[in-house]
Amino acid sequence: MDPEGVGTVATREPYAHAMADNASPGASWGTPGPDFPAAQPPVPISRRRDRRGRGLRGALLPPEVPAYRSRGERFDDLVLDAVEHLEHRWSAELSDVEFAVEDVPPLPAVLGPDEPVPLAHHQPPAGRGRSATPHRIIIYRRPLEARAMDTDDLAELILDVLIHKVADMLGVEPEVIDPEGHGWHEDE
């Protein structure tokens, strides 16, 4: 109480001082005044993180480590090596052929006990003009990986399968495609 014994009414002066930090004089409560700095540009969002800022911060393995490449990428490299092996001798015949890799073959609803799982498939050319498709040889990764013991065995198996499919496509024996003995010896 003041000395005269009369109570005083609180004014908004204390609030005005607190408001001075947030607003300019004469501005309504809570509205920013012109004393604030300009809005900052948004921080670029990294694509490797999820929306909450979590996720991978960098590569798990450096490129020098053998495990850097996935199993599928290593399989693709083995297929390319086998195609290069065949193209040295058959480049003119294989110039119109596309080679593709798929994980698994499209299997029918019921596969009989005597029917083997296909390892590769040859699609003959189809269509005319712009919609024409060339010869295509599709290699199925998972069945081949299941049959191989190691990487060297897988590379040999891929080459054997490609030799058989190219021989079927050209209508010749596998011995003609690769006289080095890949793909046609049955004793192994």
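Above this text sits the structure in question.
Everything numeric here is computed off the predicted structure, so don't read it as measured data.

**Q** Before we move on, could you go through the overall build of the protein and cite the residues and values that matter?
**A** Each helix and strand in the protein was counted, giving 5 helices and 3 strands. Scanning the protein from its N terminus toward the C terminus, one meets helices and strands in the order α-α-β-β-β-α-α-α. By residue count, 22% of the 188 residues in the protein fall in the buried class. When the accessible surface of the protein is split by element, carbon and sulfur atoms take 54% of a total near 14,400 Å².

**Q** Explain the packing of helix H2 (residues 71-94) against helix H4 (residues 151-170) to me, and be specific about the residues and the numbers.
**A** Direction vectors running N to C along H2 and H4 enclose 35°, while the axes themselves pass 9 Å from each other. Like other packed secondary-structure pairs, H2 and H4 cross with a definite hand, here right-handed. Of H4, the residues touching H2 (which contributes Phe 75, Leu 78, Val 79, Ala 82, Val 83, His 85, Leu 86, Trp 90, Glu 93 and Leu 94) are Thr 151, Leu 154, Ala 155, Ile 158, Leu 159, Leu 162, Ile 163, Val 166, Met 169 and Leu 170. Residues of the contact of H2 with H4, tallied by class, amount to 17 nonpolar, 2 polar and 1 charged.

**Q** Give a detailed account of the pairing of strand S3 (residues 135-140), specifying residues and quantitative values.
**A** Here strand S1 (residues 97-102) runs beside S3; their pairing, made up of 6 bridges, is parallel. In the strand pairing of S3, Glu 98 is matched with Arg 136. For strand S2 (residues 120-123) and S3, the ladder comprises 4 bridges, and the chain directions are antiparallel. Its bridge partner lying in S3, Ala 120 is registered against Ile 139.

Cut-offs used in this document
Residues numbered from 1 in each chain as written. Predicted model: local features only at pLDDT ≥ 70, side-chain atom pairs only at ≥ 80, totals over all residues. Heavy atoms only, no water. Helix = DSSP H or I, 4+ residues; strand = E, 2+ residues; numbered from the N terminus. Buried < 20%, exposed > 50% of the residue type's maximum accessible area, 1.4 Å probe, protein only. Areas by Shrake-Rupley, 256 points an atom, 1.4 Å probe, with all protein chains shown as cover. Axes fitted to C-alpha atoms, helices over the stretch in contact; angles between N-to-C directions. Left-handed = near helix turned anticlockwise from the far one by under 90°. Contact = heavy atoms within 4.5 Å. Nonpolar A, V, L, I, M, F, W, Y, C, P; charged D, E, K, R; others polar. Pairing = 2+ DSSP bridges.

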